[in-house]
Amino acid sequence: MAARAERLPERASPGFFAALPRWLDREAVFSWAMMAAPLLFLTALVGYPFVYGIWLSLEDRPVAHAGVFVGFGNFIDDAEDPVFWQVARNTIIYTTSATLLKMVGGLGLALVMNQHFPLKNLVRAVLLLPFIVPTVLSTIAWMWMLDPSFSIVNWLLIYFGLAKTGPSWLGNADLAMASIIVINTWRGLPFYAITLLAGLQTIPADLYEAATIDGAGSLALFRFVTLPLLKPVLLIVTIFSIIFTFSDFQLVYVLTAGGPANATHLFATYAFSIAMNGGELGRGASVALAMLPFLGLLIVALTLYMRKP
Amino acid sequence: MGATGSLTRRMFQLWLPLGFFLLLALFPFYWMAVTSLKPNAELYNRHIMPLIVHHPTLRHYVDLLTETSFLRWMWNTTVVAVVSTAISLVFGVMLAYPLARMRFPGAGLIAFAVAATYLVPQPLLFIPMADIINRLGLGNTLTSVILTYPTMLVPFCAWLLMGYFKSIPRELEEAARIDGASRLQTMFKVVLPLCAPGFISAGIFAFTLAQNEFLYALIFLTETDVRTVPVGAIAELIRGDVFYWGQLMAAALLGSIPVAIVYSFFVEHYVAGLTAGSVKA
């Protein structure tokens with residue numbers, strides 16, 4: 001009612017200064033005035049770079065030089081570059097494997113954590129550590145664990161008689177790919193587990209009771225109660241994780257820098273090496289933008305899904 | 001039989017998998033600690049049992065703190081994380097409050113744009129961003145990262161805070177309005193104080209994200225004095241092909257401590273922030 005009264009037209013107001021506070025108090029005016037600064041900020045530093053990146057990808061643009069418009073030239077170069085296709089393959093393998101591992105492992109860990117045991121909160125806090133510690137720092141530790149000469153992983157393998165000599169984890173193409181997948185899983189799994197655990201805790205206990213009375217065993221409970229009710233959360237976490245695994249940079253840059261022989265280059269690290277090390281901003285931007293169709297689809301899908309009431 | 005059966009069951013359903021996950025999660029940190037305490041003679045000798053420290057030394061820590069700019073990097077990282085978190089919280093409130101509590105044309109579109117912005121990964125933007133920062137003459141200043149980190153943190157904070165703002169009953173706000181409070185007063189005196197947990201969650205989460213950031217710092221900060229811990233460690237503790245593993249592990253451990261401390265005090269809030277986006281009733 002009070003709000004309604006304020007929407008009366010301001011004409012013939014006693015004076016500008018008396019009318020201004022009332023005008024500012026209108027819902028739409030207040031809202032836009034409040035949002036103006038952050039929206040301007042995001043437009044300038046997310047919207048503009050995004051559009052500018054598309055522009056750059058259409059230019060031949062050596063660093064510190066003026067660009068020359070080349071149309072789709074950079075994208076044609078990408079398509080003719082065998083490394084680009086290797087990068088695409090690497091990224092798909094990396095994203096698929098790491099996401100599956102995190103999903104299965106995270107679900108497993110969530111189910112384990114959903115039981116009653118002493119010091120549960122402490123255990124949960126400790127299990128999240130890999131996720132909160134800065135990626136670069138934990139990746140340096142993994143790098144040392146996989147060191148060619150002093151790898152503790154190899155020492156353990158030999159000690160337990162599982163291998164005669166330890167492999168060169170980061171020197172072999174397949175093993176290097178396996179290594180980055182495992183380390184990404186190590187870091188991302190707690191995120192899945194804790195989120196899925198929160199999802200598990202929203203499932204009402206009487207559903208389990210009802211199903212048990214109907215004679216369902218633990219497998220049936222999981223299959224027909226837990227999984228269907230967990231699906232929305234699982235879907236959100238998975239799409240979220242695919243977006244950030246697909247566009248991963250830090251881990252690979254630190255651990256292998258894309259090597260050996262481009263075997264672990266992802267879109268982000270390859271774009272970085274072209275633009276920052278090679279100084280070809282335009283071509284680099286085109287490699288980064290090659291991620292856009294897939295990422296854009298996921299981003300729009302996830303945003304719409306999360307906004308569903 | 002029943003007791004033994006359930007014990008075995010509990011072993012396989014709880015203790016064994018839990019032990020496995022804990023070992024996996026913690027071993028790299030154990031290895032950081034062990035390595036950082038070993039003298040070089042022990043580190044690079046393959047005939048000594050490596051899992052424990054035989055002659056612990058603080059040598060690597062002393063070297064790290066006296067011979068490198070590590071303390072400077074720690075300071076930079078903290079300043080950048082605190083300032084960009086503060087900016088992001090303020091901007092986050094300014095976006096989230098109207099989106100959550102006001103009705104106006106265009107609200108749906110803006111809310112969509114903010115959520116989508118949150119999901120845009122950095123690698124899509126870093127090349128144009130490098131050029132922009134360069135043209136603004138901000139290379140090698142902490143301003144460059146303080147300005148760019150909130151591009152990731154503001155949408156996140158806004159998204160998280162919207163949930164909290166929505167949970168405050170409209171009646172409270174209407175009561176204040178009827179008593180003659182302006183919208184701004186209502187916001188500051190009624191709604192915001194009730195959302196304190198939301199600010200802590202958003203703040204903690206933004207702080208850890210800022211500490212974790214690497215790509216922008218790597219591109220914008222190329223001088224020792226302005227570097228953050230991750231970039232400093234990568235660029236200066238690895239000199240050519242020589243790795244100072246003792247120092248590196250000491251740096252990794254020390255660099256993780258600020259986040260770990262903040263996190264340990266606010267685990268519940270952190271978890272609330274982590275799960276806010278995906279677990280909603």
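## Describing the overall build of chain B
Consideration 1: A tally of regular secondary structure across chain B gives 14 helices and 2 strands.
Consideration 2: Relative to a compact globule of 281 residues, whose C-alpha radius of gyration would be 19 Å, chain B shows 24 Å and is clearly more extended.
Consideration 3: Taking the principal axes of its C-alpha atoms as reference, chain B extends roughly 80 × 75 × 30 Å.
Consideration 4: Within chain B, buried positions represent 47% of all 281 residues.
Consideration 5: Within chain B, residue pairs in contact and separated by at least 24 positions form 76% of the contacts whose partners lie at least 6 positions apart.

## Let's talk about the domain arrangement of chain A
Residue and element names in this part refer to chain A.
Consideration 1: Segmentation of chain A into domains returns domain 1 (2-57) and domain 2 (73-307).
Consideration 2: With 4 residues of domain 1 at the interface, the matching set in domain 2 holds 7 residues.
Consideration 3: Taken together, the residues of the side of domain 1 that touches domain 2 break down into 2 nonpolar, 2 polar and no charged.

## Some thoughts on the interface of chain A and chain B
Often the size quoted for an interface is simply the accessible area lost on bringing the parts together.
Consideration 1: Contacts between chain A and chain B engage 80 residues on the former and 74 residues on the latter.
Consideration 2: Of the residues forming the side of chain A that touches chain B, the biggest block, 17 residues, is contributed by helix 3 (residues 27-57) of chain A.

## Things to note about unusual backbone geometry
Residues and elements named next belong to chain A.
Consideration 1: Of the consecutive residues Gly259 and Pro260, the connecting peptide bond is found in the cis state with omega at -10 degrees.
Consideration 2: Phi is positive for Leu119, close to 60 degrees, though the residue is something other than glycine.
Consideration 3: Its location among the elements puts Leu119 in the loop between helix 5 (82-113) and helix 6 (120-127).
Consideration 4: Even without a glycine there, the phi angle at Asn262 is positive, about 65 degrees.
Consideration 5: Within the element layout of this structure, Asn262 appears in the loop between helix 13 (250-255) and helix 14 (267-277).

## Examining the environment of A:His116
All names here are of chain A.
Consideration 1: Counting through the fold element by element, His116 comes out in the loop between helix 5 and helix 6.
Consideration 2: Judged by local crowding, His116 falls into the exposed class, with 6 C-beta atoms found within 10 Å.
Consideration 3: Here the alpha-carbon distance between His116 and Ile194, two residues 78 residues apart in the chain, equals 15 Å.

## Re the environment of B:Glu213
Consideration 1: In this fold, B:Glu213 is placed in the loop between helix 10 (196-212) and helix 11 (215-220).
Consideration 2: C-alpha separation for the pair B:Glu213 and B:Ile52, spaced 161 residues apart in sequence, amounts to 32 Å.

## Brief notes about helix 12 (residues 229-236) of chain B
Consideration 1: With 6 of 8 residues buried, helix 12 of chain B lies mostly within the body of the structure.
Consideration 2: For helix 12 of chain B, the complete set of buried residues consists of B:Val229, B:Pro230, B:Val231, B:Gly232, B:Ala233 and B:Ile234.
Consideration 3: Buried residues along helix 12 of chain B sit in contact with helix 8 (135-145) and helix 13 of chain A together with helix 4 (70-101), helix 11, strand 1 (238-239) and helix 13 (245-265) of chain B.

How each quantity is defined
- Residues numbered from 1 in each chain as written.
- Chains lettered and ligands numbered in written order.
- Predicted model: local features only at pLDDT ≥ 70, side-chain atom pairs only at ≥ 80, totals over all residues.
- Helix = DSSP H or I, 4+ residues; strand = E, 2+ residues; numbered from the N terminus.
- Rg over C-alpha atoms; globule rule 2.2 N^0.38 Å.
- Buried ≥ 20, exposed ≤ 12 C-beta atoms within 10 Å, placed from the backbone.
- Contact = placed C-beta atoms within 7 Å.
- Domains from an automatic or database assignment.
- Nonpolar A, V, L, I, M, F, W, Y, C, P; charged D, E, K, R; others polar.

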